[in-house]
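The lines below spell out each chain.
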Amino acid sequence: MRGQGRKESLSDSRDLDGSYDQLTDSVEDEFELSTVCHRPEGLEQLQEQTKFTRKELQVLYRGFKNECPSGIVSEENFKQIYSQFFPQGDSSTYAAFLFNAFDTNHDGSVSFEDFVAGLSVILRGTVDDRLNWAFNLYDLNKDGCITKEEMLDIMKSIYDMMGKYTYPALREEAPREHVENFFQKMDRNKDGVVTIEEFIESCQKDENIMRSMQLFDNVI
């Protein structure tokens, strides 16, 4: 019986490996999984969970694995990768906030599943989906509301990321003024915090925010 149980276990393992072999129609299109520490879910499952096509997932996985051969990315790796896009400034703080938004189970790492789930919302989600994701990004301590301090921390990190040599030059007090203006609009009941309902309602009434949401529609 023990021998049979071991055979079944080995068979299950081979079946799992085989499912990855069948992810694509050709060898060139397959996920290359032989050297990774973390194996992503099957393409079919990821297609169901996201709004990406099979081909898009393959392209995204190649890029992800190229940057993160182990199959997962740590916060430090994430910061390093993100810094390449903003060499003129310091993106480390904003990248840390962004990493925490992608790391939905808060285990200190972002897997390919975490990455494409977040990306799917940002690029292909409904307006409400995107605004919910943005709210989660601003809600730094994940208590269900945004304080003025949290919004200021995010805003400062964005200004730091853009660099001190932007044109026109940004004034030192610009982030705080920006936050005061936003908070005045969003905190409808003036209780010192912005709830998810207040955040979504305010954003939906702001034409600039709605236009910026549409910029992501055809990124991939």
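What counts as what
- Residues numbered from 1 in each chain as written.
- Predicted model: local features only at pLDDT ≥ 70, side-chain atom pairs only at ≥ 80, totals over all residues.
- Heavy atoms only, no water.
- Helix = DSSP H or I, 4+ residues; strand = E, 2+ residues; numbered from the N terminus.
- Buried < 20%, exposed > 50% of the residue type's maximum accessible area, 1.4 Å probe, protein only.
- Contact = heavy atoms within 4.5 Å.
- Areas by Shrake-Rupley, 256 points an atom, 1.4 Å probe, with all protein chains shown as cover.
- Salt bridge = Lys/Arg side-chain N within 4 Å of Asp/Glu carboxyl O.
- UniProt positions renumbered as here; feature names shortened; annotations may be inferred.

## Digging into the overall build of the protein chain
Phase 1 of the analysis: Scanning the protein chain from terminus to terminus reveals 11 helices and four strands.
Phase 2 of the analysis: Out of the 220 residues in the protein chain, the part that is buried amounts to 40%.
Phase 3 of the analysis: At a minimum sequence separation of 6, the contacts of the protein chain that also span at least 24 residues come to 58%.
Phase 4 of the analysis: On the protein chain, roughly 13400 Å² of surface is accessible, and the fraction owed to carbon and sulfur atoms is 51%.

## Quick word on the environment of Glu 75
Phase 1 of the analysis: Of note, Glu 75 is situated in helix α4 (residues 75–83).
Phase 2 of the analysis: Sequence separation between Glu 75 and Ala 96 is 21 residues; the distance between their C-alpha atoms is 6.6 Å.

## What to know about the pattern of salt bridges
Phase 1 of the analysis: One pass over the full model with this rule turns up six salt bridges.
Phase 2 of the analysis: When the shortest N-O distance is used, the salt bridge between Arg 54 and Glu 44 registers 3.2 Å. Note that Arg 54 is positioned in helix α3 (residues 54–67) and Glu 44 in helix α2 (residues 43–49), a separation of 10 residues in sequence.
Phase 3 of the analysis: Residue Arg 54 is classed as partly exposed on the basis of its relative accessible area, which comes to 22%.
Phase 4 of the analysis: Among the ionic pairs, Glu 76 bridges to Lys 79, the shortest N-O distance being 3.6 Å. You can see Glu 76 and its partner Lys 79 sitting in helix α4, three residues apart, about one turn around the helix.
Phase 5 of the analysis: For Glu 76, a relative accessible area of 52% puts it in the exposed group.

## What about the UniProt feature "domain: EF-hand" (unreviewed entry) in the protein chain?
Phase 1 of the analysis: The UniProt record annotates "domain: EF-hand" (unreviewed entry) at residues 90–125, 126–161 and 174–209.
Phase 2 of the analysis: In the segment residues 90–125, helix accounts for 67% and strand for 8%; the C-alpha atoms at its two ends are 29 Å apart.
Phase 3 of the analysis: Between the end C-alpha atoms of residues 126–161 there is a gap of 27 Å, over a span that is 72% helix and 8% strand.

## Examining unusual backbone geometry
As a rule of thumb, non-glycine residues mostly have phi less than zero, and peptide bonds are mostly trans rather than cis.
Phase 1 of the analysis: Backbone geometry at Lys 142 places phi at a positive 55°, although glycine is not the residue there.
Phase 2 of the analysis: Within the secondary structure layout, Lys 142 lies in the loop between α7 (127–138) and β3 (145–147).
Phase 3 of the analysis: Classification of Lys 142 by relative accessible area gives partly exposed; the value is 30%.
Phase 4 of the analysis: Located in the positive-phi region is Lys 190, a residue other than glycine, with phi close to 55°.

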